[in-house]
Amino acid sequence: MARKRRGEVINGWIAVDKPQGITAAKVVARVKTAINAAKAGHGGTLDPLATGVLPIALGAATKTVNFAMDGRKTYEFDVLWGERTDTDDSDGSVTEVSDARPAKAEIIEALGGFTGQIEQVPPDYSAVKVNGQRAYDLARNKQPLNLTAKTVTVHEFELITALNSDRASFRVHCGKGTYVRALVRDLALALGTLGHITRLRRTRCGPFIENHAISLEKLEALGHKAAASEYLLPVKTVLDDIPALALTAEEARRMTLGQSIALWPVVKRSAVPGLGQGTTVQALCEDKLIAVAEVGNGMVRPVRVLNT
């Protein structure tokens, strides 16, 4: 007999303003307990040092976390020049020092080399998998690492202010998979010095922004009421940029069973032109999100059945 899941079925997203000093997984656990949710996850991790927007997926929203992770992100952070740490942030131990300090003009000039599509080697203390193990576990055990560079996208990288010769504040708008700690490490090296992050805050993660995020303490104070508050956003919040198709009740029934449906009648009814092979779409029935689906060979195939 199947074991009954504990907690209430709650579907949607809550943007939490993560406090410093705890992991994203701990935030998920505390949110789940606070609102008595049966199922929860997060849409883009944050290091313990970091604060800011952490989207929490509840119920059916856990099937759409990849869309939150794929969204643009904005970070604001402070850098200390002259020291490199093993974690590339102030939580780590200093491994190298340098007396060199970059001038403001040099910093601004160097930023251009770190925008657009760039090659980036993840930090040793990262969640990248190496032969089935997380890099941070290997790093903690002093295992040698030779991580492979990955292509990431940095849309904008700007100097907010040079606080003094030792410190500077920055803002970056970037895409999926970008490590801000690695950006700082590589920028410092390009400037002929060393550096690490001392403060990191995420102000945007896809459609979620800091002005609409709730503090963990306030959410825990609201308890079960948070699930019925303005802070609970619909599952389709992360799908706003994806074309929506209107299904009939029969088409919706078939899709919930995992069956594909003919594309042309749905496109004609929905007035959504130009859906090419492989296009991801929302499948709706009377404004109810049935599935995330994919277009192919004249059919619409359910990829994630949500039925919210």
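Shown above is the structure to which this text applies.
Residues numbered from 1 in each chain as written. Predicted model: local features only at pLDDT ≥ 70, side-chain atom pairs only at ≥ 80, totals over all residues. Heavy atoms only, no water.

## Comments concerning the packing of aromatic side chains
What counts, and what does not: Any two rings among Phe, Tyr and Trp, with Trp reduced to its six-membered ring, count as a pair given centres within 6.5 Å; such a pair is stacked if its planes are under 30 degrees apart, edge-to-face if over 60, and tilted if neither. Secondary structure follows DSSP: runs of H or I at least 4 residues long count as helices, runs of E at least 2 residues long count as strands, and numbering of each begins at the N terminus. Summary of the burial criterion: residues with accessible area below 20% of their type's maximum are buried, those above 50% are exposed, and those between are partly exposed, where the area comes from a 1.4 Å probe applied to protein chains only.
Within the structure shown, the criterion is met by five aromatic pairs. Taken together, a centroid distance of 5.7 Å and an interplanar angle of 20° make the contact between Phe 77 and Phe 170 stacked. Placement of the pair is Phe 77 in strand E4 (residues 73-81) and Phe 170 in strand E11 (residues 167-174), with a sequence separation of 93 residues. Here Phe 77 falls in the buried class, since its relative accessible area comes to 0%. With centroids separated by 5.7 Å and ring planes inclined at 55°, the aromatic side chains of Phe 157 and Phe 170 adopt a geometry described as tilted. Residue Phe 157 is located in strand E10 (residues 150-161), and its partner Phe 170 is located in strand E11; the two are separated by 13 residues in the primary sequence. Members of the aromatic cluster, connected to one another through ring pairs, are Phe 77, Trp 81, Phe 157 and Phe 170.

## Here we look at the layout of surface pockets
Our working rule: Cavities and pockets are defined on a 1 Å grid built over the protein atoms alone: a cavity is a set of grid points where a 1.4 Å probe fits but cannot escape, while a pocket is an open set with protein on both sides within 12 Å along at least five of seven lines, and lining residues are those with an atom within 4 Å of any such point. Grid points are joined across faces, edges and corners, and a volume is the space filled by probe spheres set on the points. Note on residue categories: nonpolar means Ala, Val, Leu, Ile, Met, Phe, Trp, Tyr, Cys or Pro, charged means Asp, Glu, Lys or Arg, and polar means any other residue, Gly included.
Of the volumes computed, that of the largest pocket is approximately 1,100 Å³. If you go around the largest pocket, you meet 37 residues; those closest to its centre are Thr 45, Asp 47, Ala 127, Tyr 179 and Arg 181. At the level of elements, helix H1 (24-35), E4, helix H4 (135-140), E10, helix H5 (180-190) and strand E12 (195-205) are the ones that each hand at least two residues to the lining of the largest pocket. Here the element with the most residues in the lining of the largest pocket is E10; it accounts for three residues. Of the residues belonging to the lining of the largest pocket, the class tally is 16 nonpolar, eleven polar and ten charged. Taken as a whole, the second largest pocket holds about 180 Å³ of empty space. Surrounding the second largest pocket, Phe 67, Asp 70, Gly 71, Arg 72, Gly 206, Pro 207, Thr 237, Val 238, Asp 240, Asp 241 and Ile 242 form its lining. Its residues assigned to classes, the lining of the second largest pocket comprises four nonpolar, three polar and four charged.

## Quick word on the environment of Ile 214
Mapped onto the fold, Ile 214 is located in strand E14 (residues 214-215). For the pair Ile 214 and Ala 15, spaced 199 residues apart in sequence, the C-alpha separation works out to 6.4 Å.

## Observations regarding the nonpolar core
If you look at soluble globular proteins, the nonpolar side chains tend to sit buried side by side. Under the convention used in this document: For this analysis, a nonpolar core means a set of buried residues of the types Ala, Val, Leu, Ile, Met, Phe, Trp, Tyr and Cys, connected via side-chain atoms within 4.5 Å. In what follows, residue pairs with any heavy atoms lying within 4.5 Å of each other are defined as contacts.
Within the largest apolar cluster, 48 residues are counted, with the highest numbers of intra-cluster contacts made by Ile 35, Phe 77, Phe 157 and Phe 170. Per-element tally for this core: the top contributor is H1, with six residues. Ignoring any residue separated from it by four or fewer positions in sequence, one finds Phe 170 in contact with Tyr 75, Glu 76, Phe 77, Val 79, Trp 81, Ile 107, Leu 111, Phe 157, Glu 158, Leu 159, Ile 160 and Leu 187. Grouped together as the second largest cluster of nonpolar side chains are 20 residues, Ala 15, Ala 61, Ala 68 and Val 238 included.

Scope: geometric values only; no functional claims are made or implied.
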